[in-house]
Amino acid sequence: MPDRPTEEPVARRVRPDVQRNLDALLTAAAEIFASDGVDAPVRRITARAGVGAGTLYRHFPQRSDLITAVFRHEVDACAEAAPALAEQHEPVEALTLWLQRFAQFVAAKRGLKAALHSGDPAYESLPAYFQQRFLPVVTELLDSAAAAGGLRADIPPHDLLRAISDLVSPDDQGYTRRMITLLVNGLRYGTDGALPLTADGEHG
């Protein structure tokens, strides 16, 4: 008698009310961390989320668990905004709009910076998660813009993400938007045959 195929494990479904509470906690924590830092009192987070402290500690026994979950949740939301932008806008505009969305993410995460660079092992996986989620997104947007003839084709995705992170002004969103527009306009230069960039950033 032939062996029966091994059944794949079924993913556990989260009850809608539990998912709503979880989403509310992550949203509230992200807002409070952004404004007051990661050491803000738990009661402020639960009050804004409309849940009890028991609900928070059931999902996130340690504060580092909550910080990690908030970071991943915000990374996912930013990355998942890209497909809709690519579908609704021409390639260069889609890239520009997503870079603005990424800049908002960077500005909001200033409140997490101290924790993420604290050396706590709980956060060791987060930089890799950042790269894993964002590099494919910006690479696809850049490739689409280059294929459409809107941008040069030799723009390193990692360097672009770093450039945006460096120019973000958390207290002046208008400045950040203007700088992103200026940067993207610069990336249009030489789409008809500019010299390629070498590894050290100089023209070859």
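Residues numbered from 1 in each chain as written. Predicted model: local features only at pLDDT ≥ 70, side-chain atom pairs only at ≥ 80, totals over all residues. Heavy atoms only, no water.

Counting residues in hydrophobic clusters, the biggest one holds 56 residues, and the most contacted among them are Trp98, Phe102 and Phe134. For phenylalanine 134, the contacting residues outside a window of four places in its chain are Val75, Cys78, Ala79, Trp98, Phe102, Phe105 and Leu161. (Core = buried A, V, L, I, M, F, W, Y, C linked by side-chain atoms within 4.5 Å. Buried < 20%, exposed > 50% of the residue type's maximum accessible area, 1.4 Å probe, protein only. Contact = heavy atoms within 4.5 Å.)

A separate point is the packing of aromatic side chains. Scanning all chains against the criterion turns up nine aromatic pairs. Here the aromatic rings of phenylalanine 105 and phenylalanine 130 are separated by 6.1 Å at their centres, their planes lie at 35°, and the arrangement is tilted. Highlighted residues: phenylalanine 105 in helix H6 (residues 91-108) and phenylalanine 130 in helix H8 (residues 126-147), separated in sequence by 25 residues. On the basis of relative accessible area, phenylalanine 105 is assigned to the buried category, the value being 5%. (Phe/Tyr/Trp six-rings, centres within 6.5 Å; stacked < 30°, edge-to-face > 60°. Helix = DSSP H or I, 4+ residues; strand = E, 2+ residues; numbered from the N terminus.)

On to the side chain of threonine 96, then. When you line up the elements, threonine 96 lands in helix H6. The buried category is assigned to threonine 96, whose relative accessible area is 14%. When near neighbours in sequence (up to four residues on either side) are disregarded, threonine 96 contacts Ile180 and Val184.

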